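Take a look at the letters that make up each chain.
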There are 2 protein chains.
Amino acid sequence: MLTSRREEIVHAATELFARQGYHAVGMRAIADAVGIRGSSLYHYFPSKVELLHAIASDSTKRFIELQLADLRPMPTYAERLRKLLGDHVTYFHAYRLEEAVGLRELQELKASAPDYYAELQATRRSYQDAVERLIRDGCAAGEFDCADAHLAALAILGMVNSVNDWFRDTGRQSIEAVAAAYAAMAVDGLLGATPR
Amino acid sequence: MLTSRREEIVHAATELFARQGYHAVGMRAIADAVGIRGSSLYHYFPSKVELLHAIASDSTKRFIELQLADLRPMPTYAERLRKLLGDHVTYFHAYRLEEAVGLRELQELKASAPDYYAELQATRRSYQDAVERLIRDGCAAGEFDCADAHLAALAILGMVNSVNDWFRDTGRQSIEAVAAAYAAMAVDGLLGATPR
DNA sequence: GTCTATATTGAGATAGAC
DNA sequence: GTCTATCTCAATATAGAC
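The shown structure was predicted, so the numbers you read here are calculated from the model rather than taken from an experiment.

1. A closer look at the protein's contact with DNA strand D
Thought 1: Around DNA strand D there are 16 residues in total, and A:Met27, A:Arg28, B:Arg37, B:Ser39 and B:Tyr44 lie nearest to it.
Thought 2: Take B:Ser40: an N or O atom from its side chain is 3.0 Å from a phosphate oxygen of DNA strand D.
Thought 3: In terms of residue class, the surface near DNA strand D is made up of 5 nonpolar, 6 polar and 5 charged.

2. Some thoughts on the interface of chain A and chain B
Thought 1: Each partner contributes residues to the interface: chain A has 30 residues there, and chain B has 30 residues.
Thought 2: When chain A packs against chain B, close to 2400 Å² is buried across both sides, 58% of that on carbon and sulfur atoms.
Thought 3: Summed over the shared surface of chain A and chain B, the number is 2 salt bridges.
Thought 4: Across the pair B:Asp148 and A:Arg172 runs a salt bridge whose closest N-O atoms are separated by 3.6 Å.
Thought 5: Viewed at the interface, chain B and chain A are joined by 8 residue pairs in polar contact (both at pLDDT 80 or more).
Thought 6: Counting only elements with at least two residues in the side of chain A that touches chain B, the list comes to α1 (5–20), α6 (106–112), α8 (149–161) and α10 (175–190) of chain A.

3. Overview of empty space enclosed by the protein
Thought 1: Across all of its chains, the model carries 2 cavities of 30 Å³ or more by this definition.
Thought 2: In this structure, the largest cavity occupies an estimated 180 Å³ of space.
Thought 3: If you trace the largest cavity, you find 18 residues lining it, with A:Gly21, A:Tyr22, A:Glu105, B:Tyr22 and B:Glu105 closest to the centre.
Thought 4: Listed by contribution, the elements that provide at least two residues to the lining of the largest cavity are α6 of chain A together with α6 (106–112) of chain B.
Thought 5: Split into classes, the residues belonging to the lining of the largest cavity amount to 4 nonpolar, 8 polar and 6 charged.

4. Quick word on the domain arrangement of chain A
All names here are of chain A.
Thought 1: Taken domain by domain, chain A holds domain 1 (1–46) and domain 2 (56–190).
Thought 2: The C-alpha-based centres of domain 1 and domain 2 are spaced at 28 Å.
Thought 3: Counting from both sides, the interface comprises 7 residues of domain 1 and, opposite them, 6 residues of domain 2.
Thought 4: Summed over both partners, the interface of domain 1 with domain 2 comes to about 660 Å²; 66% of that surface belongs to carbon and sulfur atoms.
Thought 5: Between the two partners, domain 1 and domain 2, sit 0 salt bridges.
Thought 6: Where domain 1 packs against domain 2, one counts 3 residue pairs in polar contact (both at pLDDT 80 or more).
Thought 7: For the side of domain 1 that touches domain 2, the residue count by class is 3 nonpolar, 3 polar and 1 charged.

5. Quick word on the nonpolar core
Thought 1: Counting residues in hydrophobic clusters, the biggest one holds 78 residues, and the most contacted among them are A:Leu81, A:Ile135, A:Tyr182, B:Leu81, B:Ile135 and B:Tyr182.
Thought 2: Excluding residues within four positions of it along the chain, A:Ile135 makes contact with A:Leu81, A:Phe144, A:Cys146, A:Ala149, A:Ala152, A:Ala153, A:Ile156 and A:Leu191.

6. Some remarks on the protein's contact with DNA strand C
Thought 1: Close to DNA strand C lie 15 residues, the nearest being A:Arg37, A:Ser39, A:Tyr44, B:Met27 and B:Lys48.
Thought 2: A breakdown of the atoms of DNA strand C within 4 Å of the protein gives sugar and phosphate a share of 58%.
Thought 3: Taking B:Arg28, its side chain carries an N or O atom lying 3.4 Å from a base nitrogen of DNA strand C.
Thought 4: The separation between a phosphate oxygen of DNA strand C and a polar side-chain atom of B:Tyr42 is 3.0 Å.
Thought 5: Taken together, the residues of the surface near DNA strand C sort by class into 5 nonpolar, 6 polar and 4 charged.

7. A look at the pattern of salt bridges
Thought 1: Taken as a whole and judged by the stated rule, the model has 20 salt bridges over all chains.
Thought 2: The partner of A:Arg125 in a salt bridge is A:Asp129, and the shortest N-O contact between them spans 3.2 Å. Within this pair, A:Arg125 and its partner A:Asp129 are both found in helix α7 (residues 114–140), separated by 4 residues, close to a single helical turn.
Thought 3: Relative accessible area serves as the criterion here: at 43%, A:Arg125 is assigned to the partly exposed category.
Thought 4: Under the relative-accessibility criterion, A:Asp129 is labelled partly exposed at 26%.
Thought 5: Between B:Arg19 and B:Glu15 there is a salt bridge whose closest N-O contact spans 3.9 Å. Highlighted residues: B:Arg19 and B:Glu15, both in helix α1 (residues 5–20), separated by 4 residues, approximately one helical turn.

What counts, and at which threshold
- Residues numbered from 1 in each chain as written.
- Chains lettered and ligands numbered in written order.
- Predicted model: local features only at pLDDT ≥ 70, side-chain atom pairs only at ≥ 80, totals over all residues.
- Heavy atoms only, no water.
- Near = heavy atom within 4 Å.
- Polar contact = N/O pair within 3.5 Å; in protein donor to acceptor, adjacent residues only side chain to side chain.
- Nonpolar A, V, L, I, M, F, W, Y, C, P; charged D, E, K, R; others polar.
- Contact = heavy atoms within 4.5 Å.
- Buried area = accessible area lost by both parts, 1.4 Å probe.
- Salt bridge = Lys/Arg side-chain N within 4 Å of Asp/Glu carboxyl O.
- Helix = DSSP H or I, 4+ residues; strand = E, 2+ residues; numbered from the N terminus.
- 1 Å grid on protein atoms, 1.4 Å probe; cavity = no way out; pocket = protein on both sides within 12 Å on 5 of 7 lines; lining within 4 Å.
- Points joined across faces, edges and corners; volume = space filled by probe spheres on them.
- Domains from an automatic or database assignment.
- Core = buried A, V, L, I, M, F, W, Y, C linked by side-chain atoms within 4.5 Å.
- Buried < 20%, exposed > 50% of the residue type's maximum accessible area, 1.4 Å probe, protein only.

Written out as structure tokens, the structure is:
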């Protein structure tokens, strides 16, 4: 599964950062989890913050590329957005540790590595813009009913992003069921895609 | 404004924790912000984590008491929920630093002070339950249209909680306008309170 | 690529004078 | 209630052997 030592390190750091927070985890703890000495980590990453960047950046960029590529081939705006949001929730669940680190340690990245922060924010922004455009187009086409596409995009993204805060695999519903339900609440409910 | 030195300390710590994160801020930095020495802080708080608890607990409990007290006197469930959610957004904005710390450092509290964590989670849970009950009652009364009141409550709370992530006072809309718009998207949109 | 050894800095917290 | 002085520990990171 984990082919390279580098991947092994990123994986261990992701788990520790997600569980305890970036500053609460020392390089020694990461090294222990991998079975090497602290100093050996510096063979793979020049600093701790580069490790954080690798975690936050890799999964976010992969996610957004996937989502934006998938945006095109659908008959209606409603179906397009429902699929996008459902995939959003399931991806966020699959990479919940990475997303937890990426979201929670954003300001740490902003303070310690401003370039990386700006880059990441730009990537996120392009995704938010794509969702907003999709909503705007759906409104223009008469599929959606919404007063402010910008606000609606923010509200819906806030909604789907929050699933990881409460969802547990041990609960009564699968992540796929929750993903479908959230997509329906957003598209058919909030945006009124299905006439009532 | 800040009557006691204790309040002054809590206020300074809130700002610093919100901006830099709990572990990134030392007791010395908090003391500097107040104009005393680091050791003097221990006259008011026995440890750093007690300070965190004071920040997270005070504002959360005050908020939830306020909101639950306000729940009763309204003619319809829709109006009741619209008011609750609007107040939620404006309160969260007024106490955005405290809420940022309370939400982001939850796991720190869980690790360092499990009792405080459990207490705080129970308080939050009672609020979530109240919102869910309100939605369920509104559904039973035929005012709302929703498949799963539990999921709807989680989705709506995720939505209103996310406003602080993007809202800035320098933007084009006031917080009151955003609060009203979010309440409408939740109640009239997601829950379909207004017939379309 | 991993190790030992270490430099350097700052953390949280305490003792006890005033 | 605030101070000075200090304890103890752990942090990130580097140098250089193997």
